[in-house]
Every structure is written in structure tokens, then in C-alpha cells.
Amino acid sequence: MKKAFTYLWRLGIVVIVLGAAYLGWSYWRTANEKPVEERFQFEEVRRGELLQNVSANGTLNPLTLVNVGTQASGTVTAIRADFNDQVTRGQILLELDATTFRASVEQSSGEVSNAQAQLKLATAEEARMRQLFAQEYVSRQELERAVQGRETAQALMRTAMGKLTRDKANMAYTVIRSPVSGVVVSREVDVGQTVAASFQTPTLFKIAKDLSIMRVDSNVSEADVGKIRVGQSVRLNVDAFPEQKFEGQVQQIRLNPITQQNVVTYNVVVHVQNKDLKLLPGMTAYLNVLIDKRSDALLVPNAALRFKLRERPKNGSNSEGKKASVSAREEGTRKEGVRTRSATVQVFREGKLQPVAIALGIADSRFTEVLGGDLKENDRVAVEELGGERSAGGAQQPFRMRAF
């Protein structure tokens, strides 16, 4: 009995000492804990314009690019236009050696002359036979033979004329003319080069009809293409002029999908004004398609929506605020892509953090629109916890007593 009493007495002393030590440590921690304003980084909720964009990359091309080819084969003897030249419709661009074509025309002309002579003789023969038949000096069979001779001569004449027309057209093809008025973007041949017109017509020149309006062929992911509509405004910039913004408009959303490495994109065609001709064919364009806009929206920083309260502050915030913050972020993740979402932010009020539930609208890379909830302009929301150790994921780790 005495041993049991002694054991209980010692145990009580240990409990009292440990309790006193814990109370002393708690008092010391409370006394030395930094104020909330020094433990967290805050940003103010403000009003302003919010633009929601879909970003994409694309390539600048002329609105109309004509590939000038040839229907005749031969050696290039003269080039009448070069890179960047302004050309008009019908202007001579290039000439091919026309020696063989000229010979064919002369041969066909001789055949036409021969056919004309035969036709003239056959016509005279028919007329004479008709007179003799009227006087009953020849039989009907002889008349019909004369008529057949004249018809044969006419057929030969048409054949010869057709061949001459074809040979003249082939000779005309040795002179390459511009089909449109515009600017020579590319010249693919040189003097002395032989071009062969086979099943695939070779390209000799590329002519841009009008460079004052350019076309951007962009690749938009399947996740974003549903937000884009014809007529939406587009802002773009290029590496050559990083400080200048160019204005455009969505003209077409092509239905043909482009699949590369299991990634599906769609070609969204954008027309861009290029009055000063700064934009050149082939440049890479970085597009921002404006899909929604708010002029006077209440804006909360996106960092406040991502903020996660790791430990319960000693100044009054409770575990319910922590749970609300976590559940709100989980709900926002589940509703990704929905126009209206909900979340909970930590607001600094009355010297402590208070969880406030809000309804969200559109967003850009920095801010999100607040549609509802107890959040006001100039409220300060927590975006980051300062000091303390951080985990591998970047979150701060609270101080914990080691259990003995």
C-alpha cells in the first residue's frame, strides 16, 4: 500500500511539472508569436477591367497567295519580275524558250493552208457536179461523191485549225503572265533552268494579292475552341515588334481537326489589319482571343484562391475556417471550366483571419471576378504565409512539439 501511494505521489509530481512546462511554453509562444499582419502577405480586393482570353500561336500568311505555274515545259530564257516587285494583272513575269512551239505553229499553219486548198477544190467540184446533175449529165451517185469530198475537206480543215489553235496556245504559255495584281513574295526559278510541266504543275512565283490584310492560321486546343466565336476581337504580337499590339478578328473556325501526338487542335483563322505593312508572311503570331470582358468588376487575386491555411492562428481563426478553405478549393477544382464557381478566401478583419465564401465569375492570369459573397472593395485577403519552413511542395510547415 505504501509503495502504491509513493508511486502515485511521484506520478502526480511528474504530471504537475509537465503541465507547468507546457503552460510555460504555451505562454512563451503566445507572447512571442508575431501579429497576423506580419505572418501573412495580403493583397487588396479592388475594382477594375477584366479580360478573359484564349491564347494560341499561329503563322502569318497573305490573305490571298497565288502560286504561279506553267503549262508548258522548256528552258527559262528571261525573268521579268523579282522578289518584292509590285506587279499588275497580265504583266509578263517569265519567258520560256519557244523554238519548238514556234515550229509547231508554222507546221500547223501549213496544214491549215493545205486543208483550205483542198476545201476550195472540193467545193468547186461539188458546184460543178450539181450543175451537171441538173442537166442530167452525171448520176446522183457522182453528185453524192462530190458532196462527200467537200464534207471531208471541211472536216480536215477543222482539224487543221484546231491543231493550229492548240499550238498557238502552247506557244503563248511560254510567256508567263501574272494572274493578279500584287507583290512577288517568292521566285522559284532562274535563267537557264529547265521546267517540266507534268502531272504536277511546277511553282515559278508566289504572288500575294494584298498585304494590307493578313491571315493568321492558329492552332487552338480542343479545350478552348468551344469558347471562340466568329467575330470575336483578337490582339496579337510578333517577335519583330514585341511592344506593339495588332488588332484582328476571328473569321473562321475550321472543322477539320489537326491531331499531333494525340493532341487535337483546330485551325482558327484570324484576319489582321496591316496597313503599315509591318507584318510579314511567315512570322509567328501570339494571339489572345477576347472571349469575355467586365468593365467594373470586383477582383480578387488568384493567389488568394490558392492560399491554404496550414495551421490554426492563435488569434481566433478556428478549424472550421481551415476546412471551409480546403472544401472550397476542392469544389472549385471539381467545377473547373464552369462559368460560376465558389471558393473561400481568408480576409483580415478585426485583427484576425476570417474565412469568407464567395461566388466566382470569369478570370485571367492574375485576377478572378467576384459575383457574390461578403467580400468588399479594399478588403485585404491572405495570399501567402511568411516565414517558417516549407515543404517540397512550397507549403509552410507549422512548428510542432516533439512527443517524448
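Residues numbered from 1 in each chain as written. Predicted model: local features only at pLDDT ≥ 70, side-chain atom pairs only at ≥ 80, totals over all residues. Heavy atoms only, no water.

Re the side chain of Glu369
- Relative to the helices and strands, Glu369 resides in strand S18 (residues 367-373).
- Overall, the relative accessible area of 7% leaves Glu369 in the buried class.
- Setting aside its immediate chain neighbours within four residues, Glu369 contacts Leu50, Arg294, Ala297, Leu298, Leu299, Ala359, Leu360, Gly361 and Ile362. (Helix = DSSP H or I, 4+ residues; strand = E, 2+ residues; numbered from the N terminus. Buried < 20%, exposed > 50% of the residue type's maximum accessible area, 1.4 Å probe, protein only. Contact = heavy atoms within 4.5 Å.)

So, the environment of Val105
- Its location among the elements puts Val105 in helix H3 (residues 99-134).
- Residue Val105 is classed as buried on the basis of its relative accessible area of 10%.
- Sequence separation of Val105 and Met171 is 66 residues, and the distance between their C-alpha atoms is 7.9 Å.
- Apart from the residues within four sequence positions on either side, Val105 is in contact with Leu164, Asp167, Lys168 and Met171.

Digging into the pattern of salt bridges
- Inspection of the entire model under this criterion finds 19 salt bridges.
- Of the charged contacts, one joins Arg235 and Glu247 as a salt bridge, the two residues approaching to 3.9 Å between their closest N and O atoms. One end of the pair, Arg235, is in strand S12 (residues 233-238); the other, Glu247, is in strand S13 (residues 241-260), and 12 residues separate them in sequence.
- Its salt-bridge partner being Arg294, residue Glu369 comes within 3.2 Å of it at the nearest N-O pair. Here Glu369, found in strand S18, pairs with Arg294, found in strand S15 (residues 284-301); they are 75 residues apart in sequence, far enough to count as distant. Accessibility classification places Glu369 together with Arg294 in one group, the buried group.
- Overlapping salt bridges bring together Arg349, Asp374, Lys376 and Asp379 as one network. (Salt bridge = Lys/Arg side-chain N within 4 Å of Asp/Glu carboxyl O.)

This is a description of form; function is not addressed.
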